[in-house]
Amino acid sequence: MNATSTFENAGDKAWLKVLSKYRNPHAGRSTFELAVTAVPFAILWAASWAAVHYGVWYGLILVIPAAAFLLRLFAIQHDCGHGSFFARRRIDDWTGRAIGVLTLTPYDYWRRAHAQHHATAGNLDERGIGDITTLTVAEYNAQSWWGRLGYRLYRHPLVLFGIGPIWVFLLKQRLPFGMMRSGPVPWISTMATNLAVAVIAALLIWAVGVVPFLLVHLPIVLLAGAAGVWLFYIQHQFEETHWSKPPEWKFQHAAMHGASHYDLPLVLRWLTGNIGIHHVHHLSSRVPYYRLPEVLRDHPELGNVSRITLMDSLRCVKLVLWDEKTNRLVSFREAKRQSSV
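Residues numbered from 1 in each chain as written. Predicted model: local features only at pLDDT ≥ 70, side-chain atom pairs only at ≥ 80, totals over all residues. Heavy atoms only, no water.

The next point concerns the side chain of His279. In this structure, His279 sits in helix H14 (residues 278-283). A polar contact of 3.0 Å, which involves the side chain of His279, links it to the backbone oxygen of Leu302. With residues up to four places along the chain from it excluded, the contact list for His279 reads Ala255, Met256, Ala259, Ser260, His261, Leu296, Leu302 and Val305. (Helix = DSSP H or I, 4+ residues; strand = E, 2+ residues; numbered from the N terminus. Polar contact = N/O pair within 3.5 Å; in protein donor to acceptor, adjacent residues only side chain to side chain. Contact = heavy atoms within 4.5 Å.)

What follows is the structure, given as structure tokens:
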């Protein structure tokens, strides 16, 4: 019996009960995780600046590991948004808000959008906020020529992972797009983050100069942003992912089978805060990221559910349309071939 059958036979509710015992974080471990992420990031940032300041240009290679630690800080911010990092809402929220200044991500605004993503992931009738835009084959074929061209451009890797991070982190998150009329919280969150970013940027520019600041911080933010967009993409955009419409759509099933187990090498798993164990995370988002490996250790049958490797993930870029006939993601070429039959 394969892992998927095991899961389905055991029942979604049974797994929710099993995972409940992993929901408690350890304050000491959470503090340690924050320290071993924030301190190396600060050191690498300073070392990158020193390389620019002293003209040791090859030292700018340090922006790459700095970006990796910024990505890990975002993983902590992500857990704070779920209330799972310290499991004390006030501490989680202020930790998340502080990290949000570094990641250029307004915490309270993002938390609302991300909560909606978790509540509706895999629901074809609830696509929109917090998702990579995905059309069905029928929806794509119904588009005008310009509409199909626009979708093709949007789904091109250079746009998604090159222009996309610039748009999201430098521009889109400066205003509460999608929540303009959702009350004051999204506005307060974005404006307060913008102000804090401006103040810290001004202080750093005053201390190190505008050119060194841009040469160091901009690549770090964009590299981390590109990696973050890639991770978010691959967590839901794989061939055997799950999409459906109510009443067939069920939260537990969509959570487990509509999110991937991105089985990364150990170092990448650590740097990404185990976010690749995304199927378990979607089923029980209150499990701290550092306890997700415990789940797979204690319940190895979950390891092969929705599993994709690093090499598998590279092939997922071409999967751009949801085929409601075969219930899987397909490429433009495959969709065209099927339409012509």
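Right, let's get into unusual backbone geometry. The peptide bond linking Pro246 to Pro247 adopts the cis configuration, its omega dihedral lying at 5 degrees. Counting through the fold element by element, Pro247 comes out in the loop between helix H11 (210-234) and helix H12 (251-257). Positive phi values are uncommon outside glycine, yet Asn274 reaches one of about 55 degrees. Here Asn274 lies in the loop between helix H13 (266-271) and H14. Positioned with a positive phi, Asn327 is a non-glycine residue whose angle comes to about 55 degrees. Along the chain, the position of Asn327 falls in the loop between strand S4 (321-323) and strand S5 (328-330).

Soluble globular proteins tend to pack their nonpolar side chains together in the buried interior. Judged by nonpolar contacts, the single largest core of 41 residues is most densely connected at Phe41, Leu70, Phe85, Ile220, Val280 and Leu302. No other element matches helix H4 (residues 63-81), which puts eight residues into this core. (Core = buried A, V, L, I, M, F, W, Y, C linked by side-chain atoms within 4.5 Å. Buried < 20%, exposed > 50% of the residue type's maximum accessible area, 1.4 Å probe, protein only.)

Summed over all chains, the structure comprises 14 salt bridges. A salt bridge links Arg297 to Asp298; the nearest nitrogen and oxygen atoms lie 2.9 Å apart. Since its relative accessible area comes to 58%, Arg297 is described here as exposed. Asp298 sits in the partly exposed class, given a relative accessible area of 33%. Among the ionic contacts, a cluster of salt bridges with common partners joins Arg89, Asp93, Arg97, Asp108 and Arg111. (Salt bridge = Lys/Arg side-chain N within 4 Å of Asp/Glu carboxyl O.)

We now examine the packing of aromatic side chains. Here the structure, examined in full by the defined rule, presents 15 aromatic pairs. Aromatic side chains Phe161 and Tyr233 sit 5.4 Å apart centroid to centroid with 90 degrees between the ring planes, which places their arrangement in the edge-to-face category. Of this pair, Phe161 sits in helix H9 (residues 157-171) while Tyr233 sits in helix H11, and the two are 72 residues apart along the sequence. Overall, the relative accessible area of 16% leaves Phe161 in the buried class. The buried category is assigned to Tyr233, whose relative accessible area is 1%. Ring centres 6.0 Å apart and planes at 20 degrees place the aromatic pair Trp230 and Tyr233 in the stacked group. A residue pair is termed a helical-turn pair when its members lie 3 or 4 positions apart in one helix, as Trp230 and Tyr233 do in helix H11 at three residues. The pair Trp230 / Tyr233 is uniform in exposure class, with both members buried. Through a chain of ring-to-ring contacts, three or more aromatic side chains come together here, namely Phe85, Phe86, Tyr289 and Tyr290. (Phe/Tyr/Trp six-rings, centres within 6.5 Å; stacked < 30°, edge-to-face > 60°.)

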